Amino acid sequence: MSDAPLLSIEKAERVFGGGRTLFGQPKPAVHAVQDVTLEVHKGETLGVVGESGCGKSTLARMIVGLDAPTGGRIVFDGRDLVAEAGHDLRRLSREVQYVFQDPVASLNPRKTIRTILEAPLIHLLKLGKADRERRLIELMDAVNLAPEFLERYPHEFSGGQAQRIGIARALAADPKLIVLDEPVSALDVSVQAQVLNILDDLKARFGLTYVFISHDLSVVESVSDRVAVMYFGRVVEVGEGRTVFREPRHPYTHLLLKSAPAPGRRSLIAEDANTELPDPYNPPPGCAFYARCPRHTDQCNAQMPPLEDIGAEEGHRAACFHPHEGR
Amino acid sequence: MAEATSTAIKPVKRASSGRPNTLALLLNNTLATAGLVVFGLIVLIALAAPLLPLPDPDVTAPANRLFRPLTEGHLLGTDALGRDILSRLIWGTRVSLLVGISATLIAAFFGSLIGLVAGYAGGRVDTLLMRGIDMVMAFPYILLALAIVAVLGPGLLNALYAIAVVNIPFFARNIRGIALGLSRREFVDAARLSGKSNAQILFIEVLPNVLPVIIITMSTTIGWMILETAGLSFLGLGAQPPQADLGSMLGDGRKILFTAPHVSIIPGLMIFALVMSINLLGDGVRDVLDPRLKSGALTRPVARTAVTRENAPQDMTPVAGAILDVRGLKTEFRFGGQVYKAVGGVDMAVRRGECLGIVGESGSGKSVSAMSIMGLVPTPPGSITGGVALLKGEDLFAASDERIRQLRGSAVSHVFQDPLSTLHPLFTVGDQLVEAIQAHDPVSKTQAREKAIDLLTMVRIPNPAERLKSYPHELSGGMRQRVCIAMALAHDAQIIIADEPTTALDVTVQAQVLSLMNTLRKEHDAGILFITHDFGVVSAICDRVAVMYAGQFVETGTTEEILSAPAHPYTAKLIDCVPVLGQPDRRLDAIEGRPPVVNNLPVGCAFAARCPRAQEDCRAAPIPLTEFGEGRTVRCIHPLTGETTDV
Amino acid sequence: MSAYIAKRLLAAIPVLFGLTIIVFLIMAMIPGDPATAILGSYATPENVERLTRQLGLDKPLWQQYFIWLGNMLQGDFGRSYTLNRPVIDEVLERFSATLILAGTSLLLCSVFGLIAGVVSAVRQYSWVDKTVTFVVLVGISVPSFWLGLLLILVFAVNLKWFPASGMYAIYGGGDLPDLLKHLFLPAITLAVVATGVIARLTRTAMLEVLRQDFIRTARAKGVTENKVIYKHAFKAALVTVIPVIGIQAGFVLGGAVYIETVFQWPGIGSMLVKAISTRDLLLVQGGVLVVAAAYVLFNLAADVVQTILDPRLR
């Protein structure tokens, strides 16, 4: 992997709400993403995993320029992504694309597949008619769909096929980075594998870089080179996928891995443990996982643990004062 | 692959070619057709008015005043100034139609534009535009029109403006709601990332999806606008003499109501016929264009699934030790002439304290099988067409409605998927628990409350007495599902039917809820029928598993056996196509193609089209479920393990 | 809860201001000289000049608005030149008559609309449902002013069961039975359209609710079907119907214009029609403002009731 990261997120922050009302009372604010620092290198897949409300989708939208951070920087290929998205989203969209969670909702029900796939070719690449035709065939082939499907409407497709069209659209502009936001969670299990295999194949073929967002640990484990675990808007642990999954250091990562159902495994979790997230309007001063954490001390409640290098492996970092031991 | 998919897609394709047949759909509706015919006739006559041999509508003839209808030369009589009523009626209809349609178009154009922009832009623009619209709507409808006419002065054109202006808010509000929803949809973000500008997204992506709503709103308001302009004319504020529309004719006639009622009754009848025909037609148009009505989403389901089995099975002796014993269960859905065999003959038995898992993909019929047992499949369109469900030997499909009600929530209870939508949003958790308790136990409210607190304690909810006062939306997903489980345990349930109870929950919450259910079933010695799509979840809680495909069980056995040595190729594929935690290098074995649609099942094995082991004989005849070792069955003639694999 | 009501009351104030702005702007649209228009064509030049000064018509528009608003807030709605009495006195007197008529109608249409809607949803596709659906369609298609005339012809002229017009009998009237007798026909006529709208909406809302998951939960608990429909489903449907009842209040108040004219009910509607034809603009303005304010308050009440029913809105 080259030294300069393709994408680097520095202390990114996204606050929803906030500000003041007409009469000067402060409005409630929620920190959806807070102090997130991550790097993505060319050719790798960064998995982002976390439960609902952890800010992973907000992070994804900020990377493609659909949402702007309220603080921090996002740098893509040496350029300030936030500033660029603000004045010319098209330039960014040629290089950074997005695959949506709900494949059917991401296709306009009143447009044919051809119209949908042509849009990026016209607006982003300004291709002529003949070039477009050639590219459309290429794209359909890349996602393993017959070219005659181009004239059909989205409702005629199953979820898996629709998601492949979504992937084809993201590929159309020949981007460098694709953000995949829960690309398989709306699909039936037998179809998930089809889509995951196609993604794998495309990455190798076109030298793509992925940011893969999911709540499903086993899916993230199977696709990612590196993994970031998010909780309550922050990254709590990041590192090589294998290391994080084999030797989780943060107690939350530990809990996640212990909770995930797997064939042949009985659950080991106590049924009365606290599962409540902190109140987002009134976050605790220290670690957000404090109330649920079996290893917590007073220090955890008073201070925010920083995301620091931990253990022997390079780049393995966790935000915890009392991490689990490495092996 | 492409072949399998394109064959699967064909029926859909054929159905979709019926899309331009909106008119045919409309004509299916007798009332709408009647409306169309009457409206068409009125429009035709009004258009032809200059060609018809009619006397001049405005020529007065004092000598001929107030002729009754059917007078010679004056089919509908004459009015107070001796003018021919038939002629005035036709010319007046022309004016009323023109004004009504123009007002509708003006209101639709400006209203939709405001609504689209407000809904799409959101934020300040939305707030500003909608506050303005709210201001206009803060006036009682007709009053604002009156105020506008008062200032502009009476006259037909002014009345038209007034009616159009006061109707703009209706369009703006309706369209804004739809546009707002659409603008948050993912395809709008997708279009933005495809490089489209805001104007392109608004008019090329959003507008086509809003158009049906604009048409529905137009077709339902046009009748109303004709009524309102007629009303203004009736009050003398619209059409001014000598010009007449239907309203002003009615207004003129009112003064001589007692002496010559026909002068006012006839134009009123005409307004009524016109508006009624438009409304009938408008309702028809709405029914055709509104997807909710098309999909039958507005049919009321009855309290219990209809049972239409021809004859109950003879053998009614339950399997030894089983509390619930289902045999040959068949459940069908009927949509538009098509029969969907959602469940095509399912046998299952659940013993006390045992957890049976049914695993399958969406559309496999696993939920329908489970919901059929206590008659919770919506009818219409569902009905149970065969089989028997025995609860401790009692045939549930033959039981009375009252008996089923007594059993629901007591001997057999349910836990559903999404705990937010399954709890009533307007009642507190306490009210809903108390109701569940009192449904089968004639205790006082205080006693029921105490029991409710006990139940919440049992499912490990902290501060149970406080939580009773909470509404469902105030609790987290995990807490809500605990409440649902508490409700299922309100009485001594022998069987709990759990339909994907943890699918909507986060992993850590899911793990806890599963542990809780596992502990409770042991404490209460209750059997669980557990529906899921996830083999990991199955491992966590189920003793035995049934794998379902296209409405039938393809394999049953203990969880360990099926996971370690699946016999049916589908089971094996289903296990292999999911990534497993801790095995990141496992190759994912995708199942190509899609499951068959249950209204068009093949004769032989339903999985044959996607099965790598399929042979000629698989497609020839139905495959029976055969014994495959101790307590294990498989529906395959070329299974993966055992003696029969030597093919 | 009371905090919420107070908040809603405060939020209604800008709406009321908005109303005054719209009415003011409409009055500013009057072609020609407003003072002449207000005073009528027989006004003397001195009177016109005095009114011009009083209304600040020589000042910029926004200053005119505040002068105008100041007068309104002091209860000075001007004098009606046709009646030669303060507008406010006439409007309030008339408004009580309109309230009696519109209130009765609103009560009738809510009760009958809800009952018809629920019954036809519960007995979907039965003859009851089909009849209700058809009658409702007739109800929303019939011109109310024409229906009023027909009812007068049948019940007042031919059958002589009810009086044809007015609010009280001219001789020996004035008590409650007399009022009810006069009220019957106009209240029914006025209620017909709104009943149709409410019945339709209730039916759809009930059918939609009966498909919801929480209804299945109630059935799975073993709750009786009557409770499922009349407690669980009806309460949820009511939440969507109540704002519509609020809007219907507007239609009933507005529709009163026709009905009062047809039945010569001495309410604000018939006053407005007369005032418009005689171009008594101050009277029109006063009447419109008072009715609109009442409507705003009524919608506020509907909002509050809805919030009481639906905890999610709090």
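Residues numbered from 1 in each chain as written. Chains lettered and ligands numbered in written order. Predicted model: local features only at pLDDT ≥ 70, side-chain atom pairs only at ≥ 80, totals over all residues. Heavy atoms only, no water.

Is there a simple way to explain the overall build of chain A in this structure?
A tally of regular secondary structure across chain A gives 11 helices and 12 strands. In terms of overall dimensions, chain A is globule-like: its C-alpha atoms have a radius of gyration of 21 Å, near the 20 Å expected for 327 residues. Taking the principal axes of its C-alpha atoms as reference, chain A extends roughly 65 × 60 × 40 Å. Computed over 38 positive and 44 negative side-chain charges, the separation of the two mean positions in chain A equals 5 Å. (Helix = DSSP H or I, 4+ residues; strand = E, 2+ residues; numbered from the N terminus. Rg over C-alpha atoms; globule rule 2.2 N^0.38 Å. Lys, Arg positive; Asp, Glu negative; His and termini not counted. Charge placed at Lys NZ, Arg CZ, Asp CG, Glu CD.)

Whenever I open this one, the packing of helix H4 (residues 85-121) of chain B against helix H11 (residues 262-289) of chain B confuses me. Can you help?
Geometrically, a packed helix pair is captured by the angle between its two axes and the distance between the axes. All names here are of chain B. Their axes nearest at 11 Å, the elements H4 and H11 cross at an angle of 40°. The interaxial crossing formed by H4 with H11 has right-handed handedness. On the side of H4, the interface is formed by Ile-85, Leu-89, Thr-93 and Leu-97, while H11 contributes His-262, Val-263, Ile-266, Pro-267, Met-270 and Leu-274. Class assignment of the residues belonging to the contact of H4 with H11 gives a composition of eight nonpolar, two polar and no charged. (Axes fitted to C-alpha atoms, helices over the stretch in contact; angles between N-to-C directions. Left-handed = near helix turned anticlockwise from the far one by under 90°. Contact = heavy atoms within 4.5 Å. Nonpolar A, V, L, I, M, F, W, Y, C, P; charged D, E, K, R; others polar.)

Help me understand the packing of aromatic side chains, please; the structure alone is not making it clear to me.
For any pair of aromatic rings, geometry is given as the distance between the ring centres together with the angle between the planes. According to the stated counting rule, one finds 20 aromatic pairs over all chains in the structure shown. With a centroid separation of 4.6 Å and an interplanar angle of 15°, the aromatic rings of Phe-234 of chain B and Phe-145 of chain C are classed as stacked. Pair noted here: Phe-234 of chain B is in helix H9 (residues 198-234) and Phe-145 of chain C is in helix H7 (residues 144-158), and the two residues belong to different chains. Overall, Phe-234 of chain B belongs to the buried group, its relative accessible area being 6%. By the ring-pair criterion, three or more aromatic residues cluster together here, those being Phe-24, Tyr-65, Phe-66 and Trp-68 of chain C. One residue, Arg-216 of chain C, lies across the ring of Phe-416 of chain B, its end atom 3.8 Å from the ring centre. Sitting over the face of the ring of Phe-427 of chain B, Lys-235 of chain C holds its NZ or CZ atom 4.5 Å from the ring centroid. (Phe/Tyr/Trp six-rings, centres within 6.5 Å; stacked < 30°, edge-to-face > 60°. Buried < 20%, exposed > 50% of the residue type's maximum accessible area, 1.4 Å probe, protein only. Lys NZ or Arg CZ within 6 Å of the ring centre and 35° of its normal.)

Just checking my understanding: could you explain helix H20 (residues 507-524) of chain B for this structure?
Side chains that are three or four residues apart share a direction in an α-helix, a result of its 3.6 residues per turn. All names here are of chain B. The end-to-end C-alpha distance of H20, which contains 18 residues, comes to 25 Å, matching closely the 26 Å that a straight helix rising 1.5 Å per residue would cover. Within H20, 14 of the 18 residues are buried, leaving the element largely enclosed by the surrounding structure. Where H20 terminates, the next one or two residues include Asp-525, which has phi positive at roughly 55°. (Expected span 1.5 Å × (residues − 1).)

Just to check I follow, could you spell out the interface of chain B and chain A for this structure?
The extent of an interface is frequently quoted as the accessible surface area lost upon association of the parts. Each side of the interface is counted separately: chain B has 71 residues, and chain A has 72 residues. In total, about 6,100 Å² of surface goes out of reach between chain B and chain A, with carbon and sulfur atoms giving 55% of it. Broken down residue by residue, the surface that chain B buries against chain A is led by Glu-186, Leu-193 and Leu-581 of chain B, which jointly contribute 13%. If you look at where chain B meets chain A, you find one salt bridge. Put simply, Asp-189 of chain B and Arg-61 of chain A hold a salt bridge, and the shortest N to O gap is 2.7 Å. (Buried area = accessible area lost by both parts, 1.4 Å probe. Salt bridge = Lys/Arg side-chain N within 4 Å of Asp/Glu carboxyl O.)

What exactly am I supposed to notice about the nonpolar core here?
Proteins that are soluble and globular tend to have nonpolar side chains buried together. Residues Phe-139, Leu-146, Leu-235 and Ile-271 of chain B together with Trp-68, Phe-145 and Val-288 of chain C are the most contacted members of the largest nonpolar core, which totals 173 residues. Tallying contributions element by element places helix H10 (residues 225-263) of chain C first for this core, with 20 residues. Look past the residues within four positions of Trp-68 of chain C in its chain and what remains in contact with it is Thr-20, Val-23, Phe-24, Gln-285 and Leu-289 of chain C. Counting residues in hydrophobic clusters, the runner-up holds 64 residues, among them Ile-485, Ala-490, Ile-562 and Cys-605 of chain B. (Core = buried A, V, L, I, M, F, W, Y, C linked by side-chain atoms within 4.5 Å.)

What's the story with the sheet that holds strand E7 (residues 412-415) of chain B in this structure? I'm lost.
Residues and elements named next belong to chain B. Judged by pairing direction, the sheet is mixed, and its eight strands sit side by side in the order E7-E8-E9-E4-E10-E11-E13-E12 without closing on themselves. Of all the strands in the sheet, just E7 and strand E12 (626-627) have a single pairing partner and so form its edges. The sheet contact formed by strand E4 (residues 355-359) and strand E9 (residues 527-532) spans five bridges and is parallel. Bridging from a neighbouring strand, Gly-357 pairs with Phe-530 of E9. Contacting E4, E7, strand E8 (495-499), E9 and strand E10 (544-549), helix H13 (residues 366-373) crosses the sheet at an angle of about 150° to E9. Across the sheet, H20 lies against E4, E8 and E9, angled at about 155° from E9, the strand it touches most. (Pairing = 2+ DSSP bridges.)

Honestly, a nonpolar patch on the surface in this entry has me stumped. Any pointers?
Residues and elements named next belong to chain B. Taken together, Phe-109, Phe-110, Leu-113, Phe-203 and Ile-204 make up a surface patch of nonpolar side chains, about 470 Å² in accessible area. Taken together, the elements giving at least two residues each to the nonpolar patch come down to H4 and H9. By residue number, the principal contributor to the nonpolar patch is H4, which donates three residues. Relative to the helices and strands, Leu-113 resides in helix H4. When its relative accessible area of 35% is taken as the criterion, Leu-113 is described as partly exposed. (Patch = residues over 30% accessible without salt bridge, like charges linked within 9 Å, V, L, I, M, F, W, Y side chains within 5 Å. Areas by Shrake-Rupley, 256 points an atom, 1.4 Å probe, with all protein chains shown as cover.)

Whenever I open this one, the state of the cysteines confuses me. Can you help?
Working definition: the covalent bond between the sulfur atoms of two cysteines is a disulfide. All names here are of chain B. Here the structure, examined in full by the defined rule, presents zero disulfides over all chains. Its sulfur unpaired, Cys-355 is 3.7 Å from the next cysteine sulfur, which belongs to Cys-542. Looking at Cys-355, the relative accessible area reads 0%, which means it is buried. (Disulfide = S-S within 2.5 Å.)

Looking at this structure, how should I read the environment of Leu-505 of chain B?
Residue and element names in this part refer to chain B. Tracing the backbone through its elements, the reader meets Leu-505 in the loop between E8 and H20. Given the relative accessible area of 11%, Leu-505 is considered buried. Separated by 88 residues in the primary sequence, Leu-505 and Gln-417 have C-alpha atoms spaced 9.1 Å apart.

I tried to follow helix H6 (residues 127-141) of chain C on my own but got confused; where do I start?
Spanning 15 residues, H6 of chain C covers 21 Å between terminal C-alpha atoms, matching the ideal 21 Å at 1.5 Å per step. Residues of H6 of chain C that are buried: Asp-129, Val-132, Val-136, Leu-137, Gly-139, Ile-140 and Ser-141 of chain C.

Looking at this model, I keep getting lost on the interface of chain C and chain B. Mind explaining?
On the chain B side, the residues contacting the 79 residues of chain C number 78 residues. Taken as a group, Trp-146, Arg-211 and Lys-221 of chain C account for 10% of the area that chain C buries against chain B, more than any other trio of residues on that side. Glu-435 of chain B is paired through a salt bridge with Lys-221 of chain C; the nearest N and O atoms lie 3.1 Å apart. Taken together, the connections running from chain C to chain B amount to 19 residue pairs in polar contact (both at pLDDT 80 or more). Among the elements that take part in the side of chain C that touches chain B, H10 of chain C stands out by supplying 17 residues, more than any other. Partitioning the side of chain C that touches chain B into residue classes produces 52 nonpolar, 12 polar and 15 charged. (Polar contact = N/O pair within 3.5 Å; in protein donor to acceptor, adjacent residues only side chain to side chain.)

Help me out: how do you make sense of the pairing of strand E10 (residues 234-240) of chain A in this one?
In regular strands, side chains alternate between the two faces of the sheet. All names here are of chain A. Summarising burial for E10: five of the seven residues are buried, a large majority. As defined by bridge partners, strand E9 (residues 226-231) adjoins E10 across six bridges and the pair is classed as antiparallel. Paired with Tyr-231 across the two strands is Arg-234, which belongs to E10. Between the antiparallel neighbours E9 and E10 lie two residues, among them Phe-232 with a positive phi of about 55°.

I tried to follow the arrangement of the chains on my own but got confused; where do I start?
Contacts are most numerous between chains B and C, taken over all two pairs of chains that touch. Between chain A and chain C there is no contact, and the shortest C-alpha to C-alpha separation is 13 Å.

In this structure, what is going on with the side chain of Asp-189 of chain B? I would like to understand it.
Among the secondary structure elements, Asp-189 of chain B is positioned in helix H8 (residues 186-193). Leaving out residues up to four positions away in the same chain, Asp-189 of chain B has contacts with Arg-61, Leu-66 and Phe-100 of chain A.

Would you mind showing me how to read the sheet that holds E9 of chain A here?
All names here are of chain A. An order of E6-E7-E8-E3-E9-E10-E12-E11 is seen for the eight strands of this open sheet, with the pairing classed as mixed. Edge strands, defined here as strands with exactly one partner in the open sheet, are strand E6 (96-99) and strand E11 (308-309). Bridge count between strand E3 (residues 45-49) and E9: four bridges; the pairing is parallel. Bridge pairing links Gly-47 to Val-227 in E9. Across the sheet, helix H1 (residues 56-64) lies against E3, E6, strand E7 (177-181), strand E8 (209-214) and E9, angled at about 145° from E6, the strand it touches most. Helix H10 (residues 251-259) contacts E9 and E10 of the sheet and is inclined by roughly 100° relative to E9.

How do you make sense of the packing of H4 of chain B against H9 of chain B when you look at a structure like this?
All names here are of chain B. Between H4 and H9, the least distance of the axes is 7 Å, while the angle of their chain directions is 145°. Every pair of crossing elements has a handedness; the one defined by H4 and H9 is right-handed. Classifying every residue of the contact of H4 with H9 by side-chain character gives 22 nonpolar, seven polar and no charged.

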